[in-house]
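Below, each chain spelled out in residue letters.
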Amino acid sequence: ANMQAISMGAMMAMCRARFPRSQNMSTEDLQQLMEDQQQEVVILDVRRRDEFDVSHIKGAICAGEDGELVNIAELTTSWSGDTSVKSKKIACYCSVGYRSARLAQKLLLEHGCKSAFNVEGSIFKWANEGRKVYRGEVEVSPTLVHPYNFTFGQLLNSKYRHPLASNTQNN
């Protein structure tokens, strides 16, 4: 199978198959949650710090590839000092949804967090749809996203691929 020919749809299906217990939401769902004042959503960026530093979804917390940069236990029980966090939504995203599906499933199975969701297609799909990305509180314009590596970067519209990042990571 030629990896470069892999489509976003195929990638999303593979993530669903690999992490069957992960609950999923769409990029559209996440945008609506972010705009809804009544809904509190915690956004976890499940990528490496160098990827996060290029750009991220507004308000996201850099969680690392396996959630190691955040206190998961604390997050799932006392977000904002509120013990009802399990009713709040936690949206996990990465480049295309593999690392974030893994974490969303882990949050459900190991931490009993029923409100954890994987954002399918993640930041690549988000950017491809013309949605905004940020560095801190500042919008990154024109949109640039870390391509993860050459192969997966093919899923990101070429005009959104961060040029410097393409050569730094080949695994």
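Just above, that's the structure.
Keep in mind it's a predicted model, so treat the numbers as computed, not measured.

1. Observations regarding helix α1 (residues 8–18)
Okay, so step 1: Considered for burial, the residues of α1 that qualify are M8, M11, M12 and C15. The arc that holds every buried residue of α1, seen down its axis, measures 100°, which confines them to one face.
Okay, so step 2: If you follow the buried residues of α1, they end up packed against α5 (98–111), α6 (122–128) and α7 (150–153).

2. Re unusual backbone geometry
Okay, so step 1: Note the cis peptide between S141 and P142, where omega equals 0°.
Okay, so step 2: Position of P142 among the secondary structure elements: in the loop between β7 (138–139) and α7.
Okay, so step 3: The backbone of S122 sits at a positive phi, close to 50°, despite the residue not being glycine.
Okay, so step 4: With respect to the element layout, S122 can be found in helix α6.
Okay, so step 5: For S122, a relative accessible area of 0% puts it in the buried group.
Okay, so step 6: Phi at Y148 takes a positive value of approximately 70°, unusual for a residue other than glycine.
Okay, so step 7: Within the element layout of this structure, Y148 appears in the loop between β7 and α7.

3. What to know about the pattern of salt bridges
Okay, so step 1: One pass over the structure, following the stated rule, counts 12 salt bridges.
Okay, so step 2: One salt bridge connects E28 with R131, and the closest N-O pair in it is separated by 3.1 Å. Note that E28 is positioned in helix α2 (residues 27–35) and R131 in the loop between α6 and β6 (134–135), a separation of 103 residues in sequence.
Okay, so step 3: Of the charged contacts, one joins D50 and R48 as a salt bridge, the two residues approaching to 2.8 Å between their closest N and O atoms.

4. A look at the nonpolar core
Okay, so step 1: Residues L30 and F124 are the most contacted members of the largest nonpolar core, which totals 29 residues.
Okay, so step 2: Residue assignment for this core shows that the elements contributing at least two residues are α1, α2, β2 (41–45), β4 (89–93), β5 (116–119) and α6.
Okay, so step 3: One finds L103, A104, C113 and A116 within the second-largest nonpolar core, a separate group that totals 15 residues.

5. Quick look at α2
Okay, so step 1: Within α2, burial applies to T27, L30 and L33. Down the axis, α2 shows its buried residues gathered within 120° of arc, on one side only.

6. Some details on the side chain of N118
Okay, so step 1: With respect to the helices and strands, the residue N118 is situated in strand β5.
Okay, so step 2: We classify N118 as buried; its relative accessible area is 2%.
Okay, so step 3: Look past the residues within four positions of N118 in its chain and what remains in contact with it is S22, Q23, N24, M25, C92, G97, S100, A101 and A104.

7. Overview of the sheet that holds β5
Okay, so step 1: Ordered in space as β1-β5-β4-β2-β3, the 5 strands form an open sheet in which the pairing is parallel. Both outer strands of the open sheet, β1 (24–25) and β3 (61–62), are each paired with one neighbouring strand and no more.

So, how was this worked out
- Residues numbered from 1 in each chain as written.
- Predicted model: local features only at pLDDT ≥ 70, side-chain atom pairs only at ≥ 80, totals over all residues.
- Heavy atoms only, no water.
- Buried < 20%, exposed > 50% of the residue type's maximum accessible area, 1.4 Å probe, protein only.
- Helix = DSSP H or I, 4+ residues; strand = E, 2+ residues; numbered from the N terminus.
- Arc of directions from axis to C-beta.
- Contact = heavy atoms within 4.5 Å.
- Salt bridge = Lys/Arg side-chain N within 4 Å of Asp/Glu carboxyl O.
- Core = buried A, V, L, I, M, F, W, Y, C linked by side-chain atoms within 4.5 Å.
- Pairing = 2+ DSSP bridges.

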